[in-house]
Amino acid sequence: MNHPQQVHIREVGPRDGFQNEPENIPTPDKIRLINALGRSGVRRIEVASFVRPDVIPQLSDGATVLDEIDVPGDVRLMVLVPNTRGLDNALRVRDKFHEVAIFVSASETHNKKNVNRTVDESMADNDVMAKRIVAEGLDCAAVIATSFGCPYEGKIAMTRVLDLAERFAAAGATEIGFGDTTGMCNPAYSSEFFAAALDRLPGVEVTAHFHNTRGQGLANAYAALEAGCTSFESSFGELGGCPVPAGSTGNIATEDLVSMFHEMGVETGIDLRKMIEAALAAQQVLGRKLTSHSIVAGPIEWAHQSR
């Protein structure tokens, strides 16, 4: 089958991954790991989230991390903000990043549990924030969580998700990510969904964000690629998940996604060995085995080489 020959991957481990770790990760370790990711060839990293420290203490050092990391100049840095107050705090250090992500859940129940707002309340704030972000000369990316299903409400209608996406685009978002927040997508629906999203959102970067909760993450990514999607998000070491509800395990591992794409002849610009090294460093920092397959197996060429 024909598919794109080059893709863009944003590494989301330093935000989406770290926020789910129960033990505090020392700031110097975060900085060291982000620097390693920057040296792997990845050109997009989601670094921090400007949320209330009492809500996600793990990310309370975001401003310090942004100030002290040392990544190549062509690496684009993203921060996520949950509301206007978060955006106000982020803009105090606006010279440290290039992109801002705003978000909503397609599911009313999940949105209420996640940010204690209705979808309409979140979108009203997002409309205002998107315009402010663009006015600041920053790129605005929007994320729609539970795009492929919600553990509380079941399947979410595609039309509802794409209607939200069009509203984000009208407000100024140039990229829209569709999150499989609790791992409820399947490859057949992924193919159908991304074909429809690309058709409905001309001129917008359409990004796939899959979790591996039920082991279908890479298959879903492959299906999205076949539908024409060229933008993906993933997390080194398969870190991450969703704090609402319990049992929602991590994102697809960046090193596994890169390995699959490279074996298919799809260019990512990422050095797989260096990405695996970064994941192994994260494993050491966290003091537990991570669930990425490539951490254990390594690149395919290692199968017949002495390691």
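That block above? That's the structure.
Residues numbered from 1 in each chain as written. Predicted model: local features only at pLDDT ≥ 70, side-chain atom pairs only at ≥ 80, totals over all residues. Heavy atoms only, no water.

Caption draft 1: Structural context of the packing of aromatic side chains. Tallied over the full model, the rule gives 11 aromatic pairs. Here the aromatic rings of Phe148 and Phe194 are separated by 6.0 Å at their centres, their planes lie at 35 degrees, and the arrangement is tilted. Of this pair, Phe148 sits in the loop between strand 5 (139–145) and helix 7 (158–171) while Phe194 sits in helix 8 (residues 187–200), placing them 46 residues apart in sequence. Side by side, Phe148 and Phe194 carry an identical accessibility label, which is buried. The lysine or arginine in question, Lys113, covers the ring of Tyr152, its NZ or CZ lying 5.1 Å from the ring centre. (Phe/Tyr/Trp six-rings, centres within 6.5 Å; stacked < 30°, edge-to-face > 60°. Helix = DSSP H or I, 4+ residues; strand = E, 2+ residues; numbered from the N terminus. Buried < 20%, exposed > 50% of the residue type's maximum accessible area, 1.4 Å probe, protein only. Lys NZ or Arg CZ within 6 Å of the ring centre and 35° of its normal.)

Caption draft 2: Geometry of the layout of surface pockets. Taken as a whole, the largest pocket encloses approximately 1,000 Å³ of empty space. In terms of lining, the largest pocket is formed by 41 residues, of which the most central are Val51, Ile56, Leu80, Pro82 and Phe103. Counting residues per element, the ones that place at least two in the lining of the largest pocket are helix 1 (13–17), strand 2 (44–49), helix 3 (62–68), strand 3 (76–80), helix 4 (84–91), helix 5 (108–115) and strand 5. Of the voids in this model, the second largest pocket is the one considered here, and its volume is about 170 Å³. Forming the walls of the second largest pocket are 13 residues, and the residues nearest its centre are Glu238, Leu239, Gly240, Gly250 and Arg288. Taken together, the residues that form the lining of the second largest pocket break down as three nonpolar, seven polar and three charged. (1 Å grid on protein atoms, 1.4 Å probe; cavity = no way out; pocket = protein on both sides within 12 Å on 5 of 7 lines; lining within 4 Å. Points joined across faces, edges and corners; volume = space filled by probe spheres on them. Nonpolar A, V, L, I, M, F, W, Y, C, P; charged D, E, K, R; others polar.)

Caption draft 3: Helix 10 (residues 254–263), seen in detail. Among the 10 residues in helix 10, eight count as buried, and that is most of the element. For helix 10, the complete set of buried residues consists of Thr254, Glu255, Asp256, Leu257, Val258, Ser259, Met260 and Phe261. Looking at the buried side of helix 10, the elements it contacts are strand 1 (8–11), helix 9 (217–226), strand 8 (231–234), helix 11 (272–286) and helix 12 (293–297). Directly after helix 10, the chain includes Gly265, whose backbone phi takes a positive value near 85 degrees. (Contact = heavy atoms within 4.5 Å.)

Caption draft 4: Structural detail: helix 7. Spanning 14 residues, helix 7 covers 20 Å between terminal C-alpha atoms, matching the ideal 20 Å at 1.5 Å per step. Buried residues belonging to helix 7 abut strand 4 (99–105), helix 6 (119–135), strand 5, strand 6 (175–179) and helix 8. Residue Gly172 follows helix 7 closely and has a positive phi angle near 125 degrees. (Expected span 1.5 Å × (residues − 1).)

Caption draft 5: The pattern of salt bridges, seen in detail. The full count for this structure, using the stated rule, is 21 salt bridges. One salt bridge connects Asp88 with Arg132, and the closest N-O pair in it is separated by 2.9 Å. With Asp88 in helix 4 and Arg132 in helix 6, the pair connects residues that are 44 residues apart, well separated along the chain. The partner of Arg117 in a salt bridge is Asp125, and the shortest N-O contact between them spans 3.0 Å. (Salt bridge = Lys/Arg side-chain N within 4 Å of Asp/Glu carboxyl O.)

Caption draft 6: Molecular detail of empty space enclosed by the protein. Summed over all chains, the structure comprises three cavities of 30 Å³ or more. There is about 50 Å³ of room inside the largest cavity. In terms of lining, the largest cavity is formed by Pro14, Phe18, Lys30, Ile34, Val47, Ala48, Leu59, Asp61, Gly62 and Val65. Secondary structure elements with two or more residues in the lining of the largest cavity: helix 2 (27–38), strand 2 and helix 3. Looking at the lining of the largest cavity residue by residue, the classes come out as seven nonpolar, one polar and two charged.

Limitation: the analysis is restricted to geometry and does not speak to function.
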